[in-house]
Amino acid sequence: MVAAYVGNVYSSGTIPVRIAGSTVRAFRVIRGDGSRMDDAALSRKEFVQRSQARPLDVALGVARPAEVRLGTLLTPGSRLRRPITLTVGTDDILITVWSAEFEELGYGTHLTEAIADFQRTLAELYRTLSAERDRLGPGLLDTWHRLQLVIEDVP
Amino acid sequence: MTLKRAEFDRIVTKLNLRVRQSGDLPVYFEYEDKMIVRSRRSNKQGDLPMPHAIRQQFKLDEDQFRDLLNCPLDYDGYVAILREKGLLG
């Protein structure tokens, strides 16, 4: 199973599209609210019409990105100073994203869910290390310093 | 390849990890009142993906992580590894 994602994964209404095999014929659409359309065997034309994808998206659609650059956190009160590079992978039926910079992982049944999982996890880590900053060992102290370079609190 | 939840829970027990109650389950290895390493067991159903990522979070190489899962590596052994890596301060 090859996964492809049409559109901007950070925008609302994102429609992840899974494509079986290396051609755009059968796919499952997972709507933004998590509900799924039935699997369907579609022509390339139908695929474009249903997914509202541009032909270029379809041409590139068989390839899941090897990396994504995360530009936002979901948590109010903090934001990223610069994008974080995430490596995209699969593990059984799950999509995973991994930050080597922070040794942090997110996963889900599709890329959008995996990214949201990562955003929650990173924000939780930031809050925890901030609260416990006076008793961090060398490794987590280094992580805390690196997090401060990337995340800032906003009023 | 995935890691079974029961295997992760065995690590939590064996290393006496501190579990923080939140949406997911962040876990921290603490030593002499210092937080040393952290990992997380998501509350999502199913096995945990990317065991090699979890291994990196625990600061272990492949053989050490295998020993941790299969029991030869105990709490004292883990402390010795972290001390050797200079992670205990």
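Residues numbered from 1 in each chain as written. Chains lettered and ligands numbered in written order. Predicted model: local features only at pLDDT ≥ 70, side-chain atom pairs only at ≥ 80, totals over all residues.

(A) Just the overall build of chain B, in detail. Helix and strand counts for chain B come out as four helices and five strands. Computed over the C-alpha atoms, the radius of gyration of chain B is 12 Å, within 12% of the 12 Å expected from 2.2 N^0.38 for a compact globule of 89 residues. Across its three principal axes, chain B shows a C-alpha extent of roughly 35 × 30 × 20 Å. Split into buried and exposed, the 89 residues of chain B put 31% on the buried side. Restricting to contacts in chain B with at least 6 residues of sequence separation, those with at least 24 account for 38%. (Helix = DSSP H or I, 4+ residues; strand = E, 2+ residues; numbered from the N terminus. Rg over C-alpha atoms; globule rule 2.2 N^0.38 Å. Buried ≥ 20, exposed ≤ 12 C-beta atoms within 10 Å, placed from the backbone. Contact = placed C-beta atoms within 7 Å.)

(B) Highlighting the interface of chain A and chain B. Each side of the interface is counted separately: chain A has 19 residues, and chain B has 24 residues. Residue assignment for the side of chain A that touches chain B shows that the elements contributing at least two residues are strand S8 (94–99), strand S9 (104–108), helix H3 (111–131) and helix H4 (138–150) of chain A. Looking at the side of chain A that touches chain B element by element, the count peaks at four residues for H3(A). Split into classes, the residues belonging to the side of chain A that touches chain B amount to seven nonpolar, five polar and seven charged. (Nonpolar A, V, L, I, M, F, W, Y, C, P; charged D, E, K, R; others polar.)

(C) Up close: the confidence of the model for chain B. Of the residues in chain B, 97% have a pLDDT of 70 or more, and the chain-wide mean is 88. Scored as a complex, the prediction yields pTM 0.71 and ipTM 0.87. (pLDDT = per-residue confidence, 0-100.)

(D) View of the environment of A:Leu129. Residue and element names in this part refer to chain A. By secondary structure assignment, the location of Leu129 is in helix H3. For the pair Leu129 and His145, spaced 16 residues apart in the sequence, the C-alpha separation amounts to 9.7 Å. Dropping the residues within four chain positions of it, Leu129 is found in contact with Leu136, Leu140, Thr143, Trp144 and Leu147.

(E) Looking closely at unusual backbone geometry. A positive phi angle, close to 50°, is found at A:Glu103, a residue other than glycine. With a phi close to 65°, B:Lys59 is a non-glycine residue in the positive phi region. Topologically, B:Lys59 is positioned in the loop between helix H2 (51–57) and helix H3 (62–70). The class of B:Lys59 is partly exposed, set by 18 C-beta atoms lying within 10 Å.

(F) Fine view of the sheet that holds strand S3 (residues 25–31) of chain B. Residues and elements named next belong to chain B. Ordered by their spatial adjacency, three strands build an open sheet running S2-S3-S4, and the pairing between neighbours is antiparallel. Strand pairing shows two members of the sheet lacking a second neighbour, strand S2 (18–19) and strand S4 (34–41), which therefore form its edges. Sheet topology places S3 next to S4; seven bridges connect them, and they run antiparallel. Note on S4: the bridge partner recorded for Glu30 is Met35. (Pairing = 2+ DSSP bridges.)

(G) Layout of the pairing of strand S5 (residues 67–70) of chain A. Residue and element names in this part refer to chain A. Covered by surrounding structure in S5 are Val68 and Leu70 only, the residues Glu67 and Arg69 on the alternate face being uncovered. Pairing between S5 and strand S7 (residues 84–91): four bridges, direction antiparallel. Within the sheet, the bridge partner assigned to Arg69 lies in S7 and is Thr85.

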